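What the coordinates show
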Amino acid sequence: MQVITAKLKLNPTAEQKDALRGVSLAYRDALNYTSQVAFAAGKTSNGTKLQKAVYSELRARFGLGAQMACNVPRQVSVTYKSLWTKVKQNVAAIKAGHTKKRYKGLDKAPKYISRTVTLNYQRDYSFKSEQKVSINTLNGRIIVPYEGYSKHLQFIASCAKIGAAKIVYQRSSKTYYLMVSMEVSTLSIDPTKITRISGVDVGQRYLAVEVDLRNKAKFYSGKAARHKANRYHKARKSLQRRGTRSAKRKLIALSGRERRFIADTNHQIAKQIARPNSLIGLENLNGIRERNKSKSGKRASKKQRRANRDKAKWSFAELHSYIDYKANLVGSVATKVPAHYTSQSCPKCGHTSKANRPNKGLLFRCECCGFELHADLVGSRNIALRTLLVRQDWMSTGILSASPDVSSNEAKAEVLQRFSELRWSLDASPHCICEPSGELSQRWVVDDKI
Ligand SMILES: [Zn+2]
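Remember, it's a predicted structure, so these values are computed and weren't measured experimentally. (Residues numbered from 1 in each chain as written. Predicted model: local features only at pLDDT ≥ 70, side-chain atom pairs only at ≥ 80, totals over all residues. Heavy atoms only, no water.)

Notes on the pairing of strand β2 (residues 116-119)
Here β2 shows two buried faces, one formed by Thr116 and Thr118 and the other by Val117 and Leu119. Bridge count for β2 against strand β6 (residues 161-170) is 4 bridges, and the pairing is antiparallel. Bridging from a neighbouring strand, Leu119 pairs with Ala165 of β6. (Buried < 20%, exposed > 50% of the residue type's maximum accessible area, 1.4 Å probe, protein only. Helix = DSSP H or I, 4+ residues; strand = E, 2+ residues; numbered from the N terminus. Pairing = 2+ DSSP bridges.)

So, the coordination of the zinc ion
Looking at the metal site, the zinc ion is ligated by Cys346 (SG), Cys349 (SG), Cys366 (SG) and Cys369 (SG), spaced 2.3 to 2.4 Å from it. Of note is the zinc ion, whose 4 donor atoms meet at the metal with angles of 105 to 114 degrees in an arrangement that counts as tetrahedral. Between consecutive donors of the zinc ion, the numbers of intervening residues give the motif C-x2-C-x16-C-x2-C. (Donors = N, O, S within 2.8 Å, 3.2 Å for Na, K, Ca; no water. Tetrahedral: all angles 85-135°; square planar, octahedral: opposite > 155°, others 65-115°.)

Structural notes on the sheet that holds strand β8 (residues 196-202)
Strand order in this open sheet of 5 strands is β10-β9-β8-β11-β12, and the pairing throughout is mixed. Edge positions in the sheet fall to β10 (217-221) and β12 (333-338), since each of these pairs with one other strand and no more. Within the sheet, the average angular offset between the axes of one strand and its neighbour, ignoring direction, is 25 degrees. Helix-sheet contacts for helix α8 (residues 316-329) involve β8, β9 (206-212), β11 (278-284) and β12, and the interaxial angle to β11 is about 160 degrees. (Axes fitted to C-alpha atoms, helices over the stretch in contact; angles between N-to-C directions. Contact = heavy atoms within 4.5 Å.)

Digging into the environment of Lys151
Structurally, Lys151 is set in helix α4 (residues 150-157). When the C-alpha atoms of Lys151 and Ala6 are compared, they prove to be 9.2 Å apart, with 145 residues separating the residues in sequence.

Describing the environment of Gly222
With respect to the secondary-structure elements, Gly222 resides in the loop between β10 and α5 (223-242). The spacing of Gly222 and Ala208 is 14 residues in sequence and 7.9 Å in space, taken between C-alpha atoms. Among all residues touching Gly222, those that are not within four sequence positions of it are Arg205, Tyr206, Leu207 and His227.

Some words on helix α2 (residues 47-61)
The end-to-end C-alpha distance of α2 is 20 Å, a good match for the 21 Å that 15 residues give at a rise of 1.5 Å each. At Val54, α2 shows its strongest bend, of approximately 50 degrees. Taken residue by residue, α2 has Leu50, Val54 and Leu58 as its buried positions. Buried residues along α2 sit in contact with α1 (14-40) and α3 (66-95). One side-chain oxygen of the residue at the start of α2 lies 3.1 Å from the amide nitrogen of Thr48, identifying that residue as Asn46. Backbone geometry just after α2 places Gly63 at a positive phi near 70 degrees. (Expected span 1.5 Å × (residues − 1). Bend = angle between axes of the 7 residues up to and from the residue. Polar contact = N/O pair within 3.5 Å; in protein donor to acceptor, adjacent residues only side chain to side chain.)

Some words on α3
For α3, built from 30 residues, the straight-helix expectation of 44 Å at 1.5 Å per residue is met to within 8% by its first-to-last C-alpha distance of 45 Å. Positive phi shows up at Gly97, right after α3, with a value of about 80 degrees.

Comments concerning the pattern of salt bridges
For the structure shown, the criterion picks out 8 salt bridges. The partner of Arg28 in a salt bridge is Asp29, and the shortest N-O contact between them spans 3.5 Å. Across the pair Arg61 and Glu57 runs a salt bridge, and its minimum N-O distance is 3.0 Å. Separated by 4 residues within a single helix, Arg61 and Glu57 lie in helix α2, roughly one turn from each other. Where salt bridges share partners, they join Arg196, Glu210, Asp212 and Arg275 into one cluster. (Salt bridge = Lys/Arg side-chain N within 4 Å of Asp/Glu carboxyl O.)

Structure follows, in structure tokens:
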């Protein structure tokens, strides 16, 4: 089972639009009211306590239905919980000397800006025939036509397990969307049905490089996208510094555009990477290294600091999650593999060294065997090879394990030892299909015939 969110565009009449506006503004105001109450009660994140305190007020003053009046305190409680977590992390970070900045997220009652409503399925909203959805508003139900991605419409029609939904409003296009969460059964995928294995490396010069074990590579250039994202980012930072009322208004619109632009680009890349019947290897980036390793803080010059400031952060975690999500829709699987040394290991002989990448240039040249390759391909090839190991384990055990646990040094050493034995044999000579050397290439020959 996998939980996905379908984004449905609502096409309301003018009257219905007013009703959507009314309920989403009332809900937002109810969130802010509840947030104030929580703040006054010692910044509590206790949902039950909050509900008792605000329920009748939410119904009487904001006109919310019973379900919505329960959802509001629950949502506020979640917000406070996550802010408390950040406060605690910040306290720990200050103690450990990692930062001097105090986290201010709970200095004031958190404020909800966007109009929104959380709706419970079958109570606040339900699907009707002919692609219409019934939504509860302050003045009764409205039945609104919607449109969406055809795969999602199929899921709805086939009665996937549907959960709560959210109304969101996009200011720029003055459009209301219904974000519906639902559980989709990912058919248990049989490893023998997987006919293609690939590895995806993400990074600076290219947002993504994908290579499969048939050595077909695809580069997703980040130049134009990054340039545009950086422009948004720069404009946003300058508005932030200005801080006037009109600047703030522009800032909201711009932040949305920046976020959507990055999400759109990630969607497009993910759509192409998620091809059918594939096992797609992604790097497990947790705690491995910082992606955009550039000097910051006191160590950086003024010029460097300014450059950092104008640089947008690209969300690779988002890209990974899109790939995972889209892979599942086409009968493929995305898996995470440990990312240690993926850019330093020689795909041909396994030799791992920083010096394999002379002057950090575009060329990877193995110190040991002299193998040469475009540096941006090395990472994705190593990831593809590691993914092949995942597949082998899957075939032999019947269990597809996510990224192996490498939290202990011992386990890490063992995993890396296995990785160091991996060889990119197809590359060495196209004839190795006839004379397979070692287990990996043999397996690959089998796959090639499918
Ligand atoms: Zn080598």
